[in-house]
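A structural walkthrough
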Amino acid sequence: MGIEWHPASRQLHLRNDRVSYLVRILEDGSIGQLHFGAALTEGRSYRHLGRAGFPGFMNRLDDPIALEYPTAGGGDYRMPALTIEQADGSNVVHLGYVSHRIVPGKAAIPGLPSTYLESDDEATSVEIELVDRPSGTEVTLSYTIFRDHPIVARHVRIRNGGASRLRVTTAMSASLDLPDDDWMLVQLSGAWARERHMTDRRLAPGRQSTASLRGASGHEHDPSLILRRATTTETAGEAYGLSLVYSGNFLAEAEVGPFATTRVRLGINPEGFAWILEPGEEFATPEAVLAYSSAGLDGLSAAYHALYRERLARGTWRDRPRPVLINNWEGTYFDFDETKLVDIASVARDLGIELFVLDDGWFGARDDDTSSLGDWVVDRRKLPHGIDGLARRIEALGLRFGLWIEPEMISERSQLFAAHPDWAIGIVGRPRTESRQQLVLDLSRPEIVDHLFTVLSELLASAPISYVKWDMNRNITEPASLGLPAHRQGEFFHRYILGVYDLYARLTAAFPEILFESCAGGGGRFDPGLLAFAPQAWTSDDTDAVERLRIQWGASLIYPLSSMGAHVSAVPNHQTGRLTPIAMRAAVAFFGVFGYELDATSLSPAERADVLDQVSFYKDHRALFQRGRFVRLRSPFEDDGNETAWMTVSDDRRRAIVGFYRTLNRPNPGVNRLRLRELDPAARYRVTLWPARADSIEHDNAVVRGGDELTQIGLFLDVDRHETSTHGDYWAQLFVLEAE
Ligand code: GLA
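Residues numbered from 1 in each chain as written. Predicted model: local features only at pLDDT ≥ 70, side-chain atom pairs only at ≥ 80, totals over all residues. Heavy atoms only, no water.

Below, the discussion takes up the overall build of the chain. Helices and strands together make up the secondary structure of the chain, namely 15 helices and 38 strands. The dimensions of the chain, computed from C-alpha atoms along their principal axes, are 80 × 70 × 40 Å. Per-residue burial over the chain gives 63% buried out of 740 residues. Of the contacts made within the chain by residues no fewer than 6 positions apart, 70% connect residues no fewer than 24 positions apart. Within the structure as shown, the chain displays about 25,800 Å² of accessible surface, and the carbon and sulfur contribution to it stands at 51%. (Helix = DSSP H or I, 4+ residues; strand = E, 2+ residues; numbered from the N terminus. Buried < 20%, exposed > 50% of the residue type's maximum accessible area, 1.4 Å probe, protein only. Contact = heavy atoms within 4.5 Å. Areas by Shrake-Rupley, 256 points an atom, 1.4 Å probe, with all protein chains shown as cover.)

If you look at the biggest cluster of nonpolar residues, it comprises 193 residues, and the most contacted ones within it are Leu-358 and Trp-362. The greatest single-element share of this core, amounting to 9 residues, is contributed by helix α7 (residues 492-510). If you look at the next biggest cluster of nonpolar residues, it comprises 23 residues, including Met-647, Leu-676, Tyr-685 and Trp-731. (Core = buried A, V, L, I, M, F, W, Y, C linked by side-chain atoms within 4.5 Å.)

The strands making up a sheet associate through backbone hydrogen bonding, with each pair oriented either parallel or antiparallel. Ordered in space as β21-β22-β23-β26-β27-β28-β29-β30, the 8 strands form a closed barrel in which the pairing is parallel. Put simply, the sheet's adjacent strands are angled 30 degrees from each other on average, direction ignored. Note that strand β23 (residues 400-405) and strand β26 (residues 467-470) share 4 bridges and pair parallel. By the bridge assignment, Trp-404 is partnered in β26 with Lys-469. Across the sheet, helix α4 (residues 386-397) is in contact with β22 (355-358) and β23; its angle to β23 comes to roughly 145 degrees. (Pairing = 2+ DSSP bridges. Axes fitted to C-alpha atoms, helices over the stretch in contact; angles between N-to-C directions.)

Domain boundaries assigned for the chain yield domain 1 (2-311), domain 2 (325-627) and domain 3 (631-739). Computed over C-alpha atoms, the centres of domain 1 and domain 2 are 34 Å apart. At the interface, 48 residues of domain 1 touch 46 residues of domain 2. Carbon and sulfur atoms make up 58% of the area that domain 1 and domain 2 hide from each other, which totals about 3,800 Å². Joining domain 1 to domain 2, the criterion identifies 2 salt bridges. (Domains from an automatic or database assignment. Buried area = accessible area lost by both parts, 1.4 Å probe. Salt bridge = Lys/Arg side-chain N within 4 Å of Asp/Glu carboxyl O.)

Quick look at the side chain of Glu-330 now. Looking at the secondary structure, you find Glu-330 in helix α2 (residues 329-332). There is no salt bridge for the buried Glu-330, and the closest opposite charge comes from Arg-548, which lies 8.5 Å off by N-O distance. At a separation of 2.8 Å, a polar atom in the side chain of Glu-330 contacts the side chain of Gln-575. Apart from the residues within four sequence positions on either side, Glu-330 is in contact with Asp-541, Thr-543, Ser-569, His-574, Gln-575 and Glu-597. (Lys, Arg positive; Asp, Glu negative; His and termini not counted. Polar contact = N/O pair within 3.5 Å; in protein donor to acceptor, adjacent residues only side chain to side chain.)

Moving on, we get to the pattern of salt bridges. If you walk through the whole model with that rule in mind, you get 70 salt bridges. Note that Arg-265 and Glu-253 form a salt bridge whose closest N and O atoms lie 3.1 Å from each other. Separated by 12 residues along the polypeptide, Arg-265 in strand β17 (residues 262-268) and Glu-253 in strand β16 (residues 250-256) bring together distant segments of the chain. Here Arg-265 matches Glu-253 in class, with each residue buried. One connected set of salt bridges, linked through shared partners, spans Glu-118, Glu-122, Arg-309, Glu-310, Arg-311, Arg-318, Asp-319 and Arg-627.

Another point: the packing of aromatic side chains. Applying the stated criterion to the full structure yields 39 aromatic pairs. Aromatic side chains Phe-363 and Trp-376 sit 4.5 Å apart centroid to centroid with 45 degrees between the ring planes, which places their arrangement in the tilted category. Placement of the pair is Phe-363 in the loop between β22 and α4 and Trp-376 in the loop between β22 and α4, with a sequence separation of 13 residues. Ring centres of Trp-646 and Tyr-661 lie 5.4 Å apart, and the angle between their planes is 65 degrees; on these two criteria the pair is classed as edge-to-face. Here Trp-646, found in strand β32 (residues 643-649), pairs with Tyr-661, found in strand β33 (residues 655-662); they are 15 residues apart in sequence, far enough to count as distant. Judged by relative accessible area, which is 1%, Tyr-661 ranks as buried. Taken together, the aromatic side chains of Phe-590, Phe-591, Phe-594, Tyr-596, Phe-617, Tyr-618, Phe-625, Phe-630, Trp-646, Tyr-661 and Trp-690 make up a single cluster linked through ring pairs. Over the ring of Trp-317 we find Arg-320, and its NZ or CZ is 4.8 Å from the ring centre. (Phe/Tyr/Trp six-rings, centres within 6.5 Å; stacked < 30°, edge-to-face > 60°. Lys NZ or Arg CZ within 6 Å of the ring centre and 35° of its normal.)

Here we come to the site of the ligand. Taken together, 13 residues form the shell around the ligand, and within it Asp-359, Asp-360, Lys-469, Asp-471 and Asp-541 come nearest. Note that an oxygen atom of the ligand is positioned 3.0 Å from one of the side-chain N or O atoms of Trp-404. Between an oxygen atom of the ligand and a side-chain N or O atom of Arg-436, the distance comes to 2.9 Å. Among the residues forming the shell around the ligand, the class breakdown is 4 nonpolar, 3 polar and 6 charged. (Near = heavy atom within 4 Å. Nonpolar A, V, L, I, M, F, W, Y, C, P; charged D, E, K, R; others polar.)

Another point: the sheet that holds strand β1 (residues 2-6). Spatially, β1-β2-β3-β4 is the arrangement adopted by the 4 strands of the open sheet, whose pairing is antiparallel. Looking along the sheet, the strands with just one partner apiece sit at the ends: β1 and β4 (31-38). Between one strand axis and the next, the sheet turns through 15 degrees on average, direction left out of account. As paired elements, strand β2 (residues 11-15) and strand β3 (residues 19-25) share 5 bridges and run antiparallel to each other. Looking at the pairing, Gln-11 lines up with Arg-24 of β3.

Before going further, it helps to examine the packing of helix α10 (residues 582-589) against helix α11 (residues 605-620). Axes are the key here: two packed helices are described by the angle between their axes and the distance separating the axes. It is the contact of α10 with α11, at a shortest axis distance of 11 Å, that shows an interaxial angle of 20 degrees. In this view, α10 runs roughly parallel relative to α11, as classed from their interaxial angle. α10 and α11 meet at a crossing whose hand is right-handed. Along its contact with α10, which presents Ile-582, Ala-583 and Ala-586, the element α11 presents Asp-610, Val-611 and Gln-614. Class assignment for the residues of the contact of α10 with α11 results in 4 nonpolar, 1 polar and 1 charged. (Parallel < 35°, antiparallel > 145°, perpendicular 65-115°, else oblique. Left-handed = near helix turned anticlockwise from the far one by under 90°.)

Let's shift gears to the side chain of Asp-298. Summarising the element assignment, Asp-298 is placed in helix α1 (residues 296-311). On the basis of relative accessibility, which here comes to 8%, the residue Asp-298 falls in the buried class. Reaching out from Asp-298, the side chain makes a polar contact with the side chain of Arg-677 at a distance of 3.4 Å. Setting aside its immediate chain neighbours within four residues, Asp-298 contacts Glu-234, Arg-629, Phe-630, Val-631, Arg-632, Arg-677 and Glu-678.

Here α11 spans 23 Å end to end across 16 residues, near enough to the 22 Å set by a 1.5 Å rise per residue. Packed against the buried residues of α11 are α10, β30 (593-597), α12 (622-627), β33, β35 (684-690) and β38 (731-739). (Expected span 1.5 Å × (residues − 1).)

So, on to α4. Under the 1.5 Å per step criterion, the end-to-end length of α4 is 17 Å for 12 residues, consistent within 8% with the ideal 16 Å. By the burial criterion, the buried members of α4 are Gly-386, Ile-387, Gly-389, Leu-390, Ala-391, Ile-394 and Leu-397. Here the buried face of α4 lies against α3 (338-350), β22 and β23.

A regular strand places its side chains on the two faces of the sheet in alternate fashion. By the criterion of burial, strand β29 (residues 564-569) is predominantly enclosed, with 6 of the 6 residues buried. Across 2 bridges, strand β28 (residues 536-538) lies against β29 in parallel orientation. Bridge assignment links Ala-537 to a residue of β29, and that residue is Met-564. Relative to β30, β29 runs parallel, the two sharing 5 bridges. Along β30, the bridge assignment pairs Ala-566 with Phe-594. Handedness of the β29-α10-β30 crossover: right-handed. (Right-handed = clockwise from strand over helix to strand, strands pointing away.)

Dropping the structure here:
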């Protein structure tokens, strides 16, 4: 691994065993992009891959020249990565090479979350300095190549080195110019309760994108972009991933140009964005994490999982086993008192659950969602002994205690609003759009972040709180800040997210023992930016087992199991009304950070026995479920989506758990074998089934079988049509593999 400077060809080669990233200083001083993809041999010149004799676009406008950080106004009519409005009103910038610096390790980006290292030998970085002399714009392109991952991380810093004000209106984190257009664009899209569904489409001429303008990354699209060949599968073929470490408005775009090349851009959404740089000021973009796989989508996911689990997530809880929790939200909604909560917790304790989480409704006078956000003071009508009294009773039962907060919000019916009506985001003279009967606090203003830090620190220090669920239940409307002058209003959305990050950074630093879980009406801000502060996130408000198959499958394209909160809830399911067996609900929720979202006191004796067994099974295999190598086997997005299968494998390949799920049963089935992956071909695995069964599926599978055989031939499903007739719908079966 390293970065090689080739003076004769003026080329920089970032390389590890799996990928190469090659750029070259072109004759006019701009940076040409030669290659990002499979590793190329070191010590060679690749100069010929960037056009020789390049003097701009003078002779043939639109030339498909691959540029590293394209700007507008010079004959490249594709979308630019950087646009800067200057004192004379023009937008033309020509960045020319000044110098570069290769350094071991990786620097942090001030104010923004990013991937990091534990020792400098894990990565090498290069910073390329560029300048546009007429405007005084100075740009640093920063790259890191990781030793152990097929990944390059990039970000850009833009400085005003001139004497007049600059207005940055586009500042992408990454731009890639790929030499052909033969790609499928894979996106993770949806809405509340059906987040991160995987869809793909073939690239067509022109621009195709996903984006957010909500002030959060949003339920609608993940801040990423994946390209695969039409022939790429889970296990074979090329794929690129670009993932943005950011929680605000983003743009992920692919543009096919007239010469069948593809430009990919990822970064802050330029729509509504404008950042003022006075002389001497600097702006840093979020980090883009670029991955390449020649081994299908699985190769891409495995790379992201490993990096994001260990070098993006951080803090005390990064590597710790995460507790099995019970959350009272769907169990009680706003209708609870101390006795009710303690009753739930004591049943939960008897069932082996480790953490009790008190959700919304404990503060102010919040009996429904019309009031009290911002008043983080316990409601003594419900909890006469305060949060501290309740938390101590929960701890006395032998559980840890966790608490829900929604720091960024304010209700019009609240003491905070009465005292500070101007703290809510809005525009004087315009009505505010309400959503969920609440408004958003202006976290772009440091004094409001300071207030929240003070209030929340006092709250978290006031009781034995081990866990915090940090929710965010509405998006921003009427975006503007009273804290910014008119010419800086274009900075508002980004400054809001910087405020969120600042508050997260200060609270997680002040309370390193607290496990933070992020949430935004489920997966409305489930993104790499927040993963840097909260190592797990509530994946979706939709806990229906069938729906969760798609949601968790989609999220797994990028996010590791350790980041996905997954709970068993009651039936009929509160989002779909569907009745699935509790075994299926658990078998889906096991693959992630497991818990329950129900009133444990209303479980029947049979269900209690099931939960007891589920919790103990999960704890026995917790490391596999939270930190195993996740492998997707059968997609709910392919064919009719009726069957899903996935597995998790330990690093040493000695243990694995396979999950198989069938939504609707079909009579008289054909032969159905499930081939596994990532096993040790030479090992012999003892196979056991969860739940256990007394039929031929148990009989045929529960034997010792070779890793090679399980990979080449697979597990047996549907061997006997008479038995199949008894399965019913919503069948979930886990197979536990242990090497002898
Ligand atoms: C959001 C969360 C839920 C719950 C409610 C409480 O919808 O996603 O899990 O916390 O808020 O209001």
